[in-house]
Amino acid sequence: MTTKTYAALLRGINVGGAKKVPMAELRTLLEGLGYGGVRTYLQSGNAVLTAGHGDEESLAAELAQAIEKHFGFTVGVLVRDHAYLRAVREECPFPAAELEAKQLHATYFSTPVDAERFASVDQAAFLPEEFRLGDRVLYLYAPDGLGRSKLAEALSKPRLLKGVTATTRNWNTVVKLEELTAAAE
C-alpha cells in the first residue's frame, strides 16, 4: 500500500490559554494511531504525517475523534495533502514574494465555498485589504497584519462560515507546510 504525506491543521488550539494541546503529546497521539513521519510545526496546531489509508476527510475525522477522546475537547481538524498545499501556494493571487508574511494569510475551508457566501462583504469598504477565493481556501491580504484587519473580522462572522470548518495560517506557515509535506514525499 502506498503512503501519502499530509498536513493536519488543528483549529483554535493553544490560543489565549484555551484548548491546550502540547505538541509533543500530539506527536505521541498521532504516532499511536499508526501514522508515520510525524512532525509538528509551531505551537498552533500544524502536524505533518504519512498515512497508508484513508483520504483527507476520513483522516480529519479520525484525528478529531482521537483528539477529543485524548484531550477532552472538540477541535476542528482539516487534513490536506502535499499536492493541494502546493496548489494553494502556487495559485496565490497576491504577490507573495513581495509581501511580508504577516500581510498574507490563507484560510483553509473544510468544503468548497463560493463567492455567494461572501457577497454581503463590501470589499471596497475595506481597501487596501483584499481577499480572493481559491479551491477550499480564502487568500487574505492584510497590510497591517491579521490582528488589525477589519476585513478578517468581517470574513470570520459565524453566519458567513456556517457549516464550514475554517482555519487561518500566515504565509510563512503556508510555505513551511508545503515544504514539509514535499520533503516527505
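Up top is the structure.
Residues numbered from 1 in each chain as written. Predicted model: local features only at pLDDT ≥ 70, side-chain atom pairs only at ≥ 80, totals over all residues. Heavy atoms only, no water.

Caption draft 1: The arrangement of the overall build of the protein in detail. Helix and strand content of the protein: five helices and eight strands. Moving toward the C terminus, one meets the helices and strands of the protein in the order β-α-β-β-α-β-α-β-β-β-α-β-α. In terms of overall dimensions, the protein is globule-like: its C-alpha atoms have a radius of gyration of 16 Å, near the 16 Å expected for 185 residues. With the principal axes as the frame, the protein shows a C-alpha extent of 50 × 35 × 25 Å. In the protein, which comprises 185 residues, the proportion classed as buried is 46%. Restricting to contacts in the protein with at least 6 residues of sequence separation, those with at least 24 account for 69%. Looking at the protein as shown, the accessible area adds up to about 9,500 Å², and 49% of this sits on carbon and sulfur atoms. (Helix = DSSP H or I, 4+ residues; strand = E, 2+ residues; numbered from the N terminus. Rg over C-alpha atoms; globule rule 2.2 N^0.38 Å. Buried < 20%, exposed > 50% of the residue type's maximum accessible area, 1.4 Å probe, protein only. Contact = heavy atoms within 4.5 Å. Areas by Shrake-Rupley, 256 points an atom, 1.4 Å probe, with all protein chains shown as cover.)

Caption draft 2: Layout of the pairing of strand S5 (residues 104–109). The element S5 is largely enclosed, with a buried count of six among its six residues. Pairing geometry for S5 and strand S7 (residues 137–141), over five bridges, is antiparallel. Following the sheet pairing, Tyr108 is matched in S7 by Val137. (Pairing = 2+ DSSP bridges.)

Caption draft 3: Spatial organisation of the sheet that holds strand S3 (residues 46–51). The antiparallel open sheet is built from four strands, whose spatial order is S2-S3-S1-S4. Strand pairing shows two members of the sheet lacking a second neighbour, strand S2 (36–41) and strand S4 (77–81), which therefore form its edges. Averaged over all pairs of adjacent strands, the angle between their axes in this sheet comes to 20°, without regard to strand direction. Pairing analysis gives five bridges linking strand S1 (residues 4–10) to S4, with the strands arranged antiparallel. Paired with Ala8 across the two strands is Val79, which belongs to S4. Across the sheet, helix H1 (residues 23–32) touches S1, S2 and S3, and the angle it forms with S2 is around 160°. Its contacts with the sheet place helix H3 (residues 82–90) against S1 and S4, and it is angled at close to 90° to S4. (Axes fitted to C-alpha atoms, helices over the stretch in contact; angles between N-to-C directions.)

Caption draft 4: Spotlight on the pattern of salt bridges. For the coordinates displayed, the defined rule picks out eight salt bridges. Glu56 is the partner of Arg80 in a salt bridge, and the nearest nitrogen-oxygen pair spans 3.6 Å. Residue Arg80 is found in strand S4, and its partner Glu56 is found in helix H2 (residues 56–71); the two are separated by 24 residues along the sequence. Under the relative-accessibility criterion, Arg80 is labelled buried at 4%. Salt bridges here are not isolated pairs; linked through shared partners, they connect Glu56, Arg80, Asp135 and Arg136. (Salt bridge = Lys/Arg side-chain N within 4 Å of Asp/Glu carboxyl O.)

Caption draft 5: Here's a closer look at the packing of aromatic side chains. The final tally for this structure, using the stated rule, is six aromatic pairs. With centroids separated by 5.8 Å and ring planes inclined at 65°, the aromatic side chains of Phe118 and Phe131 adopt a geometry described as edge-to-face. Residue Phe118 is found in the loop between S5 and strand S6 (130–134), and its partner Phe131 is found in strand S6; the two are separated by 13 residues along the sequence. We note that Phe118, like Phe131, is buried. In textbook terms, an aromatic cluster arises when at least three aromatic residues are bridged by ring pairs, as seen for Phe109, Phe118 and Phe131. For the cation-ring pair, Arg80 lies above Tyr84, with the distance from its terminal atom to the ring centre recorded as 5.4 Å. Seen from the ring of Tyr84, Arg136 lies directly overhead, with NZ or CZ sitting 4.5 Å from the centre. (Phe/Tyr/Trp six-rings, centres within 6.5 Å; stacked < 30°, edge-to-face > 60°. Lys NZ or Arg CZ within 6 Å of the ring centre and 35° of its normal.)

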